[in-house]
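Inside the fold
Chain by chain, the residues:
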Amino acid sequence: MEIETRRVHIFGVTADPTGVWTAQQARNLLMDLGERADGFKFLIRARDGKCGGGCDGVLAGADVRMLKIPRSPRADAFAERFVGTLRRECLDHLLVHGERHLR
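Only a predicted model underlies this, so the values are computations on that prediction, with no experimental measurement involved. (Residues numbered from 1 in each chain as written. Predicted model: local features only at pLDDT ≥ 70, side-chain atom pairs only at ≥ 80, totals over all residues. Heavy atoms only, no water.)

Turning our eyes to something else, we now look at the overall build of the chain. Looking only at helices and strands, one finds 4 helices and 2 strands in the chain. Counting from the amino terminus, helix and strand elements in the chain follow one another as α-β-α-β-α-α. Seen through its principal axes, the chain has C-alpha atoms that stretch 40 × 30 × 30 Å. Evaluated residue by residue, the chain yields a buried proportion of 17% over its 103 residues. Relative to all contacts within the chain whose residues are 6 or more apart in sequence, the contacts with residues 24 or more apart total 44%. By element, 54% of the accessible surface of the chain is carried by carbon and sulfur atoms, the whole surface being about 8200 Å². Side-chain charges of the chain comprise 17 positive and 14 negative groups, with the mean position of each set lying 5 Å from the other. (Helix = DSSP H or I, 4+ residues; strand = E, 2+ residues; numbered from the N terminus. Buried < 20%, exposed > 50% of the residue type's maximum accessible area, 1.4 Å probe, protein only. Contact = heavy atoms within 4.5 Å. Areas by Shrake-Rupley, 256 points an atom, 1.4 Å probe, with all protein chains shown as cover. Lys, Arg positive; Asp, Glu negative; His and termini not counted. Charge placed at Lys NZ, Arg CZ, Asp CG, Glu CD.)

Okay, here's the thing in structure tokens:
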């Protein structure tokens with residue numbers, strides 16, 4: 001999520017993310033951004049071990065610094081608000097019949 005523009009980038013969905021998978025998603029993000037990637041200095045990420053390693057290396061190659069969110073309930077307020085809005089405005093009014101239907 002770009003805080004300034006409120007633009008959200010959604011890429012692949014998987015039930016079993018791995019380090020290799022997240023690194024590929026980082027590559028996809030850079031490809032999607034194209035020349036706009038030069039304007040990004042930081043990417044704030046969760047402390048999950050799957051996000052590190054390859055993902056950090058891919059983004060470091062584009063001069064984007066990875067920052068882990070602190071262990072604080074309000075640290076990821078923008079993401080939490082976005083997820084809450086999606087739930088209230090979209091998913092509360094939709095009966096999901098399975099993973100394929102949700103995608």
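There's more to say after this.
Before going further, it helps to examine the side chain of Thr 22. The topology assignment puts Thr 22 in helix H1 (residues 19-33). With a relative accessible area of 11%, Thr 22 lands in the buried category.

Further remarks concern H1. Here H1 contains 15 residues, and its C-alpha end-to-end distance of 21 Å stays within 8% of the 21 Å for a straight helix at 1.5 Å per residue. Along its buried surface, H1 packs onto strand S1 (42-45) and helix H2 (54-60). Of the residues flanking the end of H1, it is Gly 34, one or two places downstream, whose phi is positive at about 60°. (Expected span 1.5 Å × (residues − 1).)

This next bit is on the nonpolar core. Judged by nonpolar contacts, Ala 23, Ala 26, Leu 29, Leu 30, Leu 33, Ala 37, Cys 55, Val 58, Leu 59, Val 64 and Met 66 together constitute the single largest core of 11 residues. If you list the elements that add at least two residues to this core, you get H1 and H2. Looking at this core, the element that brings in the most residues is H1, giving 5 residues. If we skip the residues at most four places from it in the chain, Leu 59 touches Ala 26, Leu 30, Leu 43, Val 64 and Met 66. (Core = buried A, V, L, I, M, F, W, Y, C linked by side-chain atoms within 4.5 Å.)

Another point: unusual backbone geometry. Its identity is not glycine, yet Arg 6 carries a phi of approximately 60°, on the positive side. Its location among the elements puts Arg 6 in the segment before H1. Located in the positive-phi region is Asp 63, a residue other than glycine, with phi close to 60°. Note on placement: Asp 63 falls in the loop between H2 and strand S2 (65-68).

Moving on, we get to the environment of Arg 103. In this structure, Arg 103 sits in the segment after helix H4 (99-102). In this structure, the C-alpha to C-alpha distance between Arg 103 and Ser 72, residues 31 residues apart in sequence, is 31 Å. Beyond its immediate stretch of four places on either side in the chain, Arg 103 contacts Val 13 and Thr 14.

What follows concerns the side chain of Gln 25. For Gln 25, the position within the fold is in helix H1. The buried category is assigned to Gln 25, whose relative accessible area is 14%. Setting aside its immediate chain neighbours within four residues, Gln 25 contacts Phe 11 and Gly 12.

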